[in-house]
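These are the residues of each chain, in order.
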Amino acid sequence: MTTDLTIQELKKTDPIPYHLLLLADPSKIAIDKYIYKSVIYTAECEGKCIGCYVLYPLNQETLEIKNIVIAEEKQGKGIGTILLNHAIGQAKLMGGKRIRIGTGNSSIGQLYLYQKVGFRITAIKMDFFRDNYKDVIIENGIECRDMIVLTKEL
Ligand code: ACO
């Protein structure tokens, strides 16, 4: 856990933290499809950006966390959980009725974390990663092939 954490909206004039976003989504082409229509929130610790998440309005009722990431050296300290709960709060403030997040079938830790903060599996996009990513992604010894969509009612 960290004592000094500031979460704030990234200004449109600030540089997009691709070095972090690419840890969660290996395709800059994929990132660029959603990033300009989204709000980016950054987490700062001791003056340094150590994580962020990206909130994308899918429609008037549903927001999607398109990307959430914590810098490698800060993972496993509870900050991801804080950012997820912040995203849930922001989605409520924006008048959303639900928030959703998608992750790979191979992202076992992420699937655990999202369910722990109240998301439920609501859909599977079969072969999403095979169809949309150039390179095969292997994680936890299995192919990242299908996208698991999880949703939380607000
Ligand atoms: N593997 C195993 N367990 C994990 C993982 C993982 N990859 N991520 C989180 N957990 C578990 C933790 O062990 C912890 O368990 P506990 O509550 O029983 O102790 C719990 O989830 C909460 O963990 P936090 O410390 O709050 O999570 P963290 O700060 O590490 O942030 C995150 C989680 C954002 C997934 C981070 O690990 C990360 O940036 N990973 C790389 C990028 C990534 O995979 N992003 C998500 C892709 S999907 C998307 O962006 C929509």
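Because the structure is predicted, anything quoted here is derived from the model rather than measured.

(A) Seen up close, helix H3 (residues 79-93). When the terminal C-alpha atoms of H3 are compared, their 21 Å separation across 15 residues agrees well with the 21 Å that a helix rising 1.5 Å per residue should span. Turning to H3, its buried residues number three or more, namely Ile79, Gly80, Leu83, Leu84, Ala87, Ile88, Gln90 and Ala91.

(B) Structural view of the site of the ligand. Neighbouring residues of the ligand: 24 residues in total, closest Gly78, Thr81, Gln110, Tyr112 and Lys116. The contact in question runs from an oxygen atom of the ligand to an N or O atom on the backbone of Gly80, over 2.8 Å. Protein coverage of the free-state accessible area of the ligand, which is 940 Å², stands at 72%. For the shell around the ligand, the secondary-structure elements that each account for two or more residues are helix H1 (18-24), strand E4 (62-70), H3, strand E5 (98-104) and helix H4 (108-116). When grouped by side-chain class, the residues that make up the shell around the ligand number 11 nonpolar, 10 polar and three charged.

(C) How the structure looks around the nonpolar core. Membership of the largest hydrophobic core comes to 24 residues, with the highest contact counts inside it found for Tyr53, Ile65, Ile68, Leu84, Ile99, Ile101 and Phe119. Counting only elements with at least two residues in this core, the list comes to strand E2 (39-45), strand E3 (48-57), E4, H3, E5, H4 and strand E9 (147-153). At six residues, H3 tops the list of elements feeding residues into this core. Apart from residues lying up to four places away in sequence, Phe119 is in contact with Ile65, Leu84, Ile88, Ile99, Arg100, Ile101, Tyr114, Leu150, Thr151 and Lys152. Formed by 13 residues, the second largest nonpolar core is a distinct cluster that contains Leu21, Ile31, Ile35 and Ile40.

(D) Looking closely at the pairing of E2. Most of E2 is tucked away, with five of its seven residues classed as buried. Of the strand pairs in this sheet, strand E1 (residues 6-9) and E2 are connected by four bridges, and their pairing is antiparallel. Of the residues in E2, the one forming a bridge with Glu9 is Tyr41. Two elements, E2 and E3, share seven bridges in a ladder whose sense is antiparallel. By the bridge assignment for E3, Cys45 is matched with Lys48. In textbook terms, the turn of a hairpin is the stretch between consecutive antiparallel strands, and for E2 and E3 this stretch comprises two residues, one of which, Glu46, has a positive phi near 50°.

Procedures and definitions
- Residues numbered from 1 in each chain as written.
- Predicted model: local features only at pLDDT ≥ 70, side-chain atom pairs only at ≥ 80, totals over all residues.
- Heavy atoms only, no water.
- Helix = DSSP H or I, 4+ residues; strand = E, 2+ residues; numbered from the N terminus.
- Expected span 1.5 Å × (residues − 1).
- Buried < 20%, exposed > 50% of the residue type's maximum accessible area, 1.4 Å probe, protein only.
- Near = heavy atom within 4 Å.
- Polar contact = N/O pair within 3.5 Å; in protein donor to acceptor, adjacent residues only side chain to side chain.
- Areas by Shrake-Rupley, 256 points an atom, 1.4 Å probe, with all protein chains shown as cover.
- Nonpolar A, V, L, I, M, F, W, Y, C, P; charged D, E, K, R; others polar.
- Core = buried A, V, L, I, M, F, W, Y, C linked by side-chain atoms within 4.5 Å.
- Contact = heavy atoms within 4.5 Å.
- Pairing = 2+ DSSP bridges.

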